[in-house]
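# What the coordinates show
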Amino acid sequence: MNTSTTGGGGAGTGSGTGSGTGTVRYLEIAEALRREILSGELPVGAHLPSESDLAARWSASRGTVRQAVATLAAEGLIGSRQGARRIVLRRERRHSFGELNSFAQWAEGLGHRAAGRFLSRTRRPATTEEADRLALAPGTQVLAVLRLRLLDGEPTMVERTAYADWVAAAVEALPADCRSVMDSLAEGSGIVAHYGEHLIDALPAGSEDARLLEIRRGSPLLRQRHVSATATGRPIEWSDDRYRAGSVTFSVSNSSVATPLERRVGDH
């Protein structure tokens, strides 16, 4: 049995700049193209019609069409540009959390460009939950990090991470545009994550998340909270990661032996 928890396939995603009418229009166009792709009318490997052709077909502006196309790209249904056109992909992309790969490793292993940037790094006392998750004494200083992750240049996920006091200095020393914190810690400081525990739920976007992910306030977000630990079980980080709707699908495959959790680019 395969059970998926998804960020909504893009249908609930709004635009931070478009009007209500424009938002509905681009979602209608995205849904129509999505049906054509999933039905095989637009087969894998085919070029998506040009923006001008799509605009003429729906009597819409090119900006509205561009939003619809970006929605499908975030869902993984279409790929990188070929001139002004994109290729239909619709192939399954999944990543097992059992491998404990970083976001960057996962994305780049699928042929996507992963990027990230630190928005803030602040030392402060741990909250009660952070101290519990990181096995720290109450009030111990942690490094609180706010970070934006991008997939193929598009805002995809907001990370809010508390790093244990013993790794704080190493994280503070990383460049603002660090591609992967965990990869950099492993390479530069020998701090390697061997274990992880993940909690998954959904919540509406608040003002800060909406601004960073370029969506409407209240839009659905898929949240993954996780703790990473070393081979000896020493906690490294406790993170609250919030994904834009349609960008990622989490899948759990059940068996009598194991229940691996997998992450996929948004699909249907």
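The rules behind the values
Residues numbered from 1 in each chain as written. Predicted model: local features only at pLDDT ≥ 70, side-chain atom pairs only at ≥ 80, totals over all residues. Heavy atoms only, no water. Phe/Tyr/Trp six-rings, centres within 6.5 Å; stacked < 30°, edge-to-face > 60°. Lys NZ or Arg CZ within 6 Å of the ring centre and 35° of its normal. Pairing = 2+ DSSP bridges. Helix = DSSP H or I, 4+ residues; strand = E, 2+ residues; numbered from the N terminus. Axes fitted to C-alpha atoms, helices over the stretch in contact; angles between N-to-C directions. Contact = heavy atoms within 4.5 Å. pLDDT = per-residue confidence, 0-100. Salt bridge = Lys/Arg side-chain N within 4 Å of Asp/Glu carboxyl O. Buried < 20%, exposed > 50% of the residue type's maximum accessible area, 1.4 Å probe, protein only. Core = buried A, V, L, I, M, F, W, Y, C linked by side-chain atoms within 4.5 Å.

## Considering the packing of aromatic side chains
Counted according to the given criterion, the structure contains zero aromatic pairs. A cation over a ring is seen here: Arg121 above Phe118, with NZ or CZ 3.9 Å from the ring centre. The lysine or arginine in question, Arg147, covers the ring of Phe118, its NZ or CZ lying 5.2 Å from the ring centre.

## Notes on the sheet that holds strand E8 (residues 195–204)
Pairing in this open sheet of six strands is antiparallel, and the strands run E5-E6-E7-E10-E9-E8 from one edge to the other. Since the sheet does not close on itself, it has two edges, and those belong to strand E5 (114–125) and E8, each with one partner. Each adjacent strand pair in this sheet contributes to an overall mean axis angle of 15°, direction not counted. Of the strand pairs in this sheet, strand E9 (residues 220–229) and strand E10 (residues 235–244) are connected by nine bridges, and their pairing is antiparallel. Counted as the bridge partner of His226 is Ser239 from E10. Together, E5, strand E6 (141–151), strand E7 (154–163) and E10 form the strand contacts of helix H6 (residues 165–172), whose direction differs from that of E5 by roughly 135°.

## Side note on the confidence of the model for the chain
With 75% of its residues at a pLDDT of at least 70, the chain reaches an overall mean of 79. Taken as a whole, residues 91–100 scores under 50 in pLDDT and shows 34 contacts with residues more than four places along the chain or in a different chain. Low pLDDT, under 50, characterises residues 253–259; the predicted model gives this stretch 11 contacts beyond four residues in sequence or across chains.

## Side note on the pattern of salt bridges
Evaluated as defined, the whole model comprises 18 salt bridges. A salt bridge links Arg160 to Asp209; its shortest N-O distance comes to 2.9 Å. Taken together, the residues Arg160 in strand E7 and Asp209 in helix H8 (residues 207–213) connect sequence positions 49 residues apart. Residue Arg223 is joined to Asp240 by a salt bridge in which the shortest nitrogen-to-oxygen separation is 3.3 Å. Linking Arg223 in strand E9 with Asp240 in strand E10, this pair joins segments that are 17 residues apart in sequence. Across the pair, exposure class does not vary: Arg223 and Asp240 are buried alike. Salt bridges sharing common partners tie together Arg160, Asp201, Glu208, Asp209, Arg223, Arg225, Asp240 and Arg242.

## So, the nonpolar core
Core analysis: the biggest nonpolar cluster contains 21 residues, and Leu33 and Ile78 have the highest contact counts within it. Looking at this core, the elements that each hand over two or more residues are helix H1 (20–39), helix H2 (51–58) and helix H3 (62–74). Considering every element that reaches this core, the biggest residue donor is H1, with six residues. Discounting residues that sit within four places of it in the chain, Ile78 has contacts with Ile37, Leu48, Val69, Leu72, Ala73, Arg86, Ile87, Val88 and Leu89. Counting residues in each nonpolar core, the second largest holds 16 residues, with Val171, Leu174, Cys178 and Ile236 among its members.

## Section: the side chain of Asp183
Assignment of secondary structure puts Asp183 in helix H7 (residues 181–189). Judged by its relative accessible area of 9%, Asp183 falls in the buried class.

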